[in-house]
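Coordinates in review
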Amino acid sequence: TRCSRDWSSDVCSSDLGIQITGENEFEISPVVGGHFTHAGCSYQSVYGPLTSKWEVVGNTIKYHFSIPSNTKAKIILPNATYLVGAGEYDYVVEKK
């Protein structure tokens, strides 16, 4: 599944968990499940694109997040919460 904020904000905000929490702050809490094996979403902020992607690989879930310059994000995953600044982030979580 791919989406952009302009195309389907409901999918980006609910299934891929991108929420705007301040002028340059975001919260990302993707929901993995259903019959999908991967999904990705991008939101075009005034600071640049914010991206949330996940993929089921065997018994793991691989996540990738791209946070634009001059912003910060709270990334909520099943095993931990991360407070991050601008950059690219990859996490691998064991599937339950």
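Procedures and definitions
- Residues numbered from 1 in each chain as written.
- Predicted model: local features only at pLDDT ≥ 70, side-chain atom pairs only at ≥ 80, totals over all residues.
- Heavy atoms only, no water.
- Helix = DSSP H or I, 4+ residues; strand = E, 2+ residues; numbered from the N terminus.
- Contact = heavy atoms within 4.5 Å.
- Core = buried A, V, L, I, M, F, W, Y, C linked by side-chain atoms within 4.5 Å.
- Buried < 20%, exposed > 50% of the residue type's maximum accessible area, 1.4 Å probe, protein only.
- Salt bridge = Lys/Arg side-chain N within 4 Å of Asp/Glu carboxyl O.
- Pairing = 2+ DSSP bridges.

For the rest of this paragraph, the subject is the overall build of the chain. The number of helices and strands found in the chain is 1 helix and 7 strands. Ordered by position in the sequence, the α and β elements of the chain form the string β-α-β-β-β-β-β-β. For the chain, the proportion of contacts with a sequence separation of at least 24, taken over those separated by at least 6, is 39%.

To continue, consider the nonpolar core. The biggest cluster of nonpolar side chains holds 18 residues, and the ones touching the most others in it are I28, Y63, F65, I67, I75, L77 and Y91. At the level of elements, strand 3 (25–28), strand 4 (38–45), strand 5 (48–57), strand 6 (60–76) and strand 7 (81–94) are the ones that each hand at least two residues to this core. In terms of residue count, the dominant contributor to this core is strand 6 (6 residues). Dropping the residues within four chain positions of it, I67 is found in contact with I28, L50, K72, A73, V84, G85, A86, G87 and Y89.

This next bit is on the pattern of salt bridges. Tallying each qualifying case throughout the model produces 1 salt bridge. Between K72 and E25 there is a salt bridge, and its shortest N-O distance comes to 3.6 Å. Of this pair, K72 sits in strand 6 while E25 sits in strand 3, placing them 47 residues apart in sequence. Given a relative accessible area of 45%, K72 falls into the partly exposed group. Classification of E25 by relative accessible area gives partly exposed; the value is 30%.

In this section: the pairing of strand 5. A regular strand places its side chains so that they alternate between the two faces of the sheet. The sheet contact formed by strand 4 and strand 5 spans 8 bridges and is antiparallel. By the bridge assignment for strand 5, H38 is matched with E55. What sits between strand 4 and strand 5 in their antiparallel hairpin is a turn of 2 residues. By the bridge criterion, 7 bridges tie strand 5 to strand 6 in an arrangement that is antiparallel. Each residue of the ladder has a partner; that of T51, found in strand 6, is S66. Linking two consecutive strands that pair antiparallel, namely strand 5 and strand 6, is a turn of 2 residues; a positive phi of about 60° is found at G58 within it.

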